[in-house]
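Notes for the structure review
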Amino acid sequence: MNIIKTTENKTLNIAPEGRLDTTTAPQLEAELKQSISDNEKLILDFAKLEYISSAGLRVLLAAQKVMNKQGEMVIRNVNDVIAEVFEVTGFSDILTIE
């Protein structure tokens, strides 16, 4: 998985590419832990994310908990497959999806 990261005006933009699963979730988790603390907004751009597993959902939930305390988290450009996973798991009610 590739992770493209930019930061501007206390907004962290993360764009994972490929699959977010058991193998790659620790990579995203490490990137978030390293970068999230100084930011008030987290934008996750899923335009090039093809798949998400329960391990990926766990990373999103942890990030949401952190951002609830220090700002907001938004997920953008979700494809139909990932949107269905969010619906079935109830994550669509927890996360802000644009």
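The coordinates are above.
The structure reproduced in this document is the subject of the present report. Given the structure is predicted, the values throughout are model-derived calculations rather than measurements.

Turning to the side chain of Glu17, a few remarks are in order. Here Glu17 is to be found in strand E2 (residues 11-20). Setting aside its immediate chain neighbours within four residues, Glu17 contacts Met1, Asn2, Ile4 and Lys48.

Turning next to the nonpolar core. By size, the foremost hydrophobic cluster in this structure holds 26 residues, and its most contacted members are Leu42, Phe46, Ile75 and Phe86. If one sorts the elements of this core by residue count, helix H2 (residues 54-70) sits on top with six residues.

In this section: the pairing of E2. For E2, the tally of buried residues reaches eight of 10 residues, placing the bulk of the element in the interior. Both strand E1 (residues 2-8) and E2 contribute to a ladder of seven bridges, which runs antiparallel. What sits directly across from Lys5, in E2, is Ile14. In terms of strand pairing, E2 meets strand E3 (residues 41-45) through four bridges, oriented parallel. Paired with Leu12 across the bridge in E3 is Leu42. As defined by bridge partners, E2 adjoins strand E4 (residues 49-52) across three bridges and the pair is classed as parallel. From the neighbouring strand, Arg19 faces E4, where its bridge partner is Tyr51.

Procedures and definitions
- Residues numbered from 1 in each chain as written.
- Predicted model: local features only at pLDDT ≥ 70, side-chain atom pairs only at ≥ 80, totals over all residues.
- Heavy atoms only, no water.
- Helix = DSSP H or I, 4+ residues; strand = E, 2+ residues; numbered from the N terminus.
- Contact = heavy atoms within 4.5 Å.
- Core = buried A, V, L, I, M, F, W, Y, C linked by side-chain atoms within 4.5 Å.
- Buried < 20%, exposed > 50% of the residue type's maximum accessible area, 1.4 Å probe, protein only.
- Pairing = 2+ DSSP bridges.

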